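Structural characterization, general
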Amino acid sequence: MSRFGGLLILIGVLFLTQVSAQDQQVLFTIERSLNEDQIVYFLHLDKNGKPEKEAPISLKWLDNEKTGELIPVNWIKKKFGYGIDILSHKGDQVTFQFVSYDKKIFTLKKDLFGNYGVFAKINNHMMKIRHIYLEIDGGSFWKPNITEVAVMGFHELANTRVKETFNP
């Protein structure tokens, strides 16, 4: 499948339904320059409609290069790369950061329409995060050389897309 085809599938999942084949809400995705696979982050709610205490957010690989299916992320990649550390969990709001990058804080909370989303500061304003892109230029398995990070989101009030690019 071409990069364009994979992107079209992702856009369909994210913007049209916001629900995966497993009836889980997609919060955001991470794409890397290494290949067409993506990491997809899902919301988990308890029976009262609030984020689960133990695991409010889970992640899986979207294997675009081989099967196009969601597959589990292994322990090493969760623990050292793409996993999250929960900083606080109060009612229907969860604050977290990535295990591999502690300089940006993210918050799972309800948006203006009452739907859960992940928010972070983009260009000094709180925006709803949709996608993160990592430009990787060599390095090793344990220490990839990430040369650029692009965080893409949405400004709900202005109804516009926003993007912040930085070097980690």
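Residues numbered from 1 in each chain as written. Predicted model: local features only at pLDDT ≥ 70, side-chain atom pairs only at ≥ 80, totals over all residues. Heavy atoms only, no water.

**Things to note about the overall build of the protein**
The cut-off we apply is this: Each helix corresponds to a stretch of at least 4 residues labelled H or I by DSSP, and each strand to a stretch of at least 2 residues labelled E; elements are numbered beginning at the N terminus. Accessible area is worked out with a 1.4 Å probe on protein chains only. A residue is then buried under 20% of its type maximum, exposed over 50%, and partly exposed in between. To be clear on the numbers: accessible area is Shrake-Rupley with a 1.4 Å probe, and residue cover counts the displayed protein chains and nothing else.
When helices and strands are counted, the protein shows two helices and eleven strands. Across the 168 residues of the protein, 43% fall into the buried class. For the protein, the accessible area works out to roughly 9,800 Å², and carbon and sulfur atoms hold 53% of it.

**Re the nonpolar core**
Definition in use: We call a set of buried residues a nonpolar core when its members are Ala, Val, Leu, Ile, Met, Phe, Trp, Tyr or Cys and they connect through side-chain atoms within 4.5 Å of each other. Contact definition: two residues touch when any of their heavy atoms are within 4.5 Å.
Residues Phe28, Ile30, Tyr41, Ile129 and Ile132 are the most contacted members of the largest nonpolar core, which totals 30 residues. When residues of this core are assigned to their parent elements, the largest contribution, five residues, is made by strand 9 (residues 125-139). Contact partners of tyrosine 41, with chain neighbours within four places excluded, come to Gln25, Val26, Leu27, Phe28, Ile30, Ile57, Ser58, Leu59, Tyr82, Ile84 and Phe98.

**Quick notes on the confidence of the model for the protein**
Worth spelling out the cut-off: A score from 0 to 100, pLDDT tells how confident the predictor is in each residue.
Taken as a whole, the protein shows an average pLDDT of 86; of its residues, 86% reach a score of 70 or greater. Below pLDDT 50 for its whole length, residues 4-22 participates in 25 contacts with residues either more than four positions away or in separate chains.

**Topic: the pairing of strand 5 (residues 84-90)**
Note the threshold: When DSSP finds at least two bridges between two strands, those strands are taken to pair.
Relative to strand 6 (residues 93-98), strand 5 runs antiparallel, the two sharing six bridges. Paired with aspartate 85 across the strands is glutamine 97, a residue of strand 6. The hairpin formed by strand 5 and strand 6 contains two residues between the paired strands, and glycine 91 there has a positive phi angle of roughly 60 degrees.

**Things to note about the side chain of histidine 44**
Spelled out, the test is: Under the rule applied, a polar contact is a pair of N or O atoms within 3.5 Å (in protein, one hydrogen donor and one hydrogen acceptor; residues adjacent in sequence only if both atoms are side-chain atoms).
By the element assignment, histidine 44 lies in the loop between strand 2 (38-43) and strand 3 (57-62). At a separation of 2.5 Å, a polar atom in the side chain of histidine 44 contacts the side chain of serine 58.

**Some remarks on the packing of aromatic side chains**
Formally: Centres within 6.5 Å are what make two rings of Phe, Tyr or Trp a pair, Trp counting through its six-membered ring; a difference in plane orientation under 30 degrees is then read as stacked, over 60 as edge-to-face, and the rest as tilted.
Under the criterion given, the structure shown has eleven aromatic pairs. Consider the rings of phenylalanine 80 and tryptophan 142, whose centres lie 5.4 Å apart with planes at 80 degrees: the pair is edge-to-face. A residue pair is termed long-range when its members are at least 10 positions apart, and phenylalanine 80 in helix 2 (residues 75-82) and tryptophan 142 in the loop between strand 9 and strand 10 (144-155) qualify at 62 residues. When its relative accessible area of 60% is taken as the criterion, tryptophan 142 is described as exposed.

**A closer look at the side chain of glutamate 164**
By the secondary structure assignment, glutamate 164 is in strand 11 (residues 160-166). Taking the relative accessible area as the measure of exposure, glutamate 164 reaches 18% and is therefore buried. A distance of 2.9 Å separates polar atoms of two side chains, one belonging to glutamate 164 and the other to lysine 104. With residues up to four places along the chain from it excluded, the contact list for glutamate 164 reads Lys104, Lys121, Ile122, Asn123, Val149, Ala150 and Val151.

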